[in-house]
Amino acid sequence: MGGVEVVKDISVVPEVHFLEQVLERILQGELRVPKFQRPFLWRPDQMLQLFDSMERGYPMGSLLIWETTMQLESLDTIGGRNIPPAPTGAKVAYVLDGHQRLSTLFGVLHRLADAPQSTQQEDWMWWVYRPLARSAHDGVRYRHWKSGETVPGNFLPMRSVLGTLDFLEYARRLSDISDSREEADRLTTESERIAKRVKNYKVSVVRMEGGTLQQAIEVFSRINSSGQKMRPDQMVSALTYGTIGPETLSDKMEEIKGRVAGSGFGEIPIMTIFQTVLALSGEEDVQRDTSWETMARKVQGHLSAAVEDTDRILQEVVEFLRDEVRVPLARLVPYNIQILLLAVFFHFSDKVEAEQRAKLRNWFWTTSLAGTFAGATTTQVRNFIQQMKAFARGMGGLNYSGERARAFPGRFDLRSARVRAYLLWDLQTFPERKNLDGSTTNVLEQLATAHSETYRHIITQSGVPGASSPANRIVMRTPPGVSIRQALIKLAEEGRIDILDSHGVSLASIEHLKVDEFTEFILARQHEVAARERQFIESLGIESADKEAGEADIDTE
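Residues numbered from 1 in each chain as written. Predicted model: local features only at pLDDT ≥ 70, side-chain atom pairs only at ≥ 80, totals over all residues. Heavy atoms only, no water.

A.B. asks: So what exactly am I meant to see when it comes to the nonpolar core here?
C.D. replies: For soluble globular proteins, nonpolar side chains are generally found buried alongside one another. Leu321, Leu360, Trp363 and Met388 are the most contacted members of the largest nonpolar core, which totals 80 residues. Those residues in contact with Leu321 that lie beyond four places of it in its chain are Phe265, Arg326, Val327, Val333, Ile339, Leu342 and Phe364. If you look at the next biggest cluster of nonpolar residues, it comprises 44 residues, including Leu19, Phe106, Trp126 and Leu162. (Core = buried A, V, L, I, M, F, W, Y, C linked by side-chain atoms within 4.5 Å. Buried < 20%, exposed > 50% of the residue type's maximum accessible area, 1.4 Å probe, protein only. Contact = heavy atoms within 4.5 Å.)

In structure tokens:
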């Protein structure tokens, strides 16, 4: 059991069962997945490898289950298929280790014949086939069928191997599609061999009986501390199961995430929400990666209130960012820790004064431009939280006088906080971009879905020095066959200065475009845009960089 120490009052019984028997218990509602488990995460290739290992006779590892009369909140679907409720009053087995494997096997082998079969991964991933012709596979012997076309007749659907009637029907079809009786016999024999492998496959099951829910969860958490690790938020969610009502911490955080996204601000990362819950529950070591059991015990008495506070406070944070700092989308926030720290401020402040809001706006821009939170350590994050608490309570300030803005980013990469800060300035400075036909472009709508593709290259030729600079990017829609470069030249020649001004492109820089001086154009526009951004930086009282352009560090979480 992976070094898990024996827990008092829990008895452990190792057993061996046929796989078919284990899956039948799921079908009867007797074997269930508790809600404190992580969701199904396996990739399609991992699913195929499991079936390939089974056919080769390799062990798939033990399943760990906990049998109890206690009724736990559990999943109503496994492997994309609905399962019946647990039998009333009877013992139920809950999966503590092996969820991903069991979901794969149940979802594939017990797939209903009328289940959706489309080009969407959520559908095709559960349809696993075994090509019977030796030339149809190399390496891993199993396949998904992603195409909307008809599945080849010599691909054995794994959903058929446990159902006698389904398997006989498939064997009959093999006779219909085969060119000869010999080929039909060969394919039928191969399919029977594979079905027999699955039916006779034995699974090692470690069954625990007795003990408390908390003991079972602690065993679960220790087993899941190795291998494919759970995220910290999933681990604490499991360890605090049952302490904040029928929903798990993960459920509630997903709801918060959905509400923020539904406001139009976009999705805040779950880890940021989780760290905010910890911070508002009184914990300051929100980044540590040590004993999550200790962390769970420390905060579980405060979790329910902290979750409610986080839900409410994040709405305040979003309003502040959107209305006062003019950050329109979550994905443009330079550092997620800024969201956390703003939540700490609004939570611990009795009354937010106008002067504090002004200082917070300046703090946001300073830390964004200076890269204050790049690579922040656990100790630094704890100090940031303590400082923000003191500021919220009127017992300290936000002193960043020593910070200096980093240079204009030399490369357009949204993984850089400096690039995100540049985009926030850019969106404020050029709020209404006009297209070649005079219509306006909804930049935010595009950014919400298209990321960096919203900002199109002006110079598209490869190998041009400086081509990766933000100065070589622009948001403009052009007719088919018309490049951004051609559009800018046309606008300059027609004297349509208003459209050029809406993008911050000067007539002087376009003169370089006309004679194919691509590097010179980029440098000229970079100089103009960087100068305008520097004026904004200095207007906030922030010291600007000592050089015009510099490296755009990839430093976001």
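A.B. asks: What is the right way to look at the packing of aromatic side chains in this model?
C.D. replies: Each aromatic ring pair is described using two quantities: the centre-to-centre distance and the angle formed by the ring planes. Taken as a whole, this structure holds 15 aromatic pairs when the rule is applied. Seen from their ring centres, Phe320 and Phe346 are 5.7 Å apart, and the 65 degrees between their planes marks the pair as edge-to-face. In this pair, Phe320 is assigned in helix α12 (residues 303–325) and Phe346 in helix α13 (residues 336–348), connecting sequence segments 26 residues apart. The pair formed by Phe320 and Phe346 is uniform in burial state, with each residue classed as buried. Here the aromatic cluster, defined as three or more aromatic residues joined through ring pairs, consists of Phe320, Phe345, Phe346 and Phe391. (Phe/Tyr/Trp six-rings, centres within 6.5 Å; stacked < 30°, edge-to-face > 60°. Helix = DSSP H or I, 4+ residues; strand = E, 2+ residues; numbered from the N terminus.)

A.B. asks: Is there a simple way to explain the sheet that holds strand β3 (residues 63–68) in this structure?
C.D. replies: Paired through their backbone hydrogen bonds, the strands of a sheet run either parallel or antiparallel. Strand order in this open sheet of 5 strands is β1-β10-β3-β6-β2, and the pairing throughout is mixed. Only two strands of the sheet have a single partner each, and these edge strands are β1 (10–18) and β2 (31–32). Pairing geometry for β1 and strand β10 (residues 202–210), over 9 bridges, is antiparallel. In the strand pairing of β10, Val12 is matched with Met208. Across the sheet, helix α1 (residues 19–27) touches β1, β2, β3, β6 (92–97) and β10, and the angle it forms with β1 is around 115 degrees. (Pairing = 2+ DSSP bridges. Axes fitted to C-alpha atoms, helices over the stretch in contact; angles between N-to-C directions.)

A.B. asks: It is not clear to me how the sheet that holds strand β8 (residues 143–144) should be interpreted in this structure. Could you clarify?
C.D. replies: As summarised here, the arrangement of the 3 strands in space is β8-β7-β9, forming an open sheet in which the pairing is antiparallel. Because the sheet does not close on itself, it has two edges, and the strands there are β8 and β9 (155–157). Here strand β7 (residues 128–131) runs beside β9; their pairing, made up of 3 bridges, is antiparallel. Paired with Tyr129 across the two strands is Pro157, which belongs to β9.

A.B. asks: Before we go on, may I ask you to explain unusual backbone geometry in this structure?
C.D. replies: Leaving glycine out, the prevailing phi sign among residues is negative, and the prevailing peptide bond configuration is trans. In the Ramachandran plot, Arg326 falls in the positive-phi region, its phi being about 65 degrees despite a non-glycine side chain. With respect to the helices and strands, the residue Arg326 is situated in the loop between α12 and α13. Even without being a glycine, Asp516 presents a positive backbone phi close to 60 degrees. Here Asp516 shows up in the loop between α20 (507–514) and α21 (518–539).

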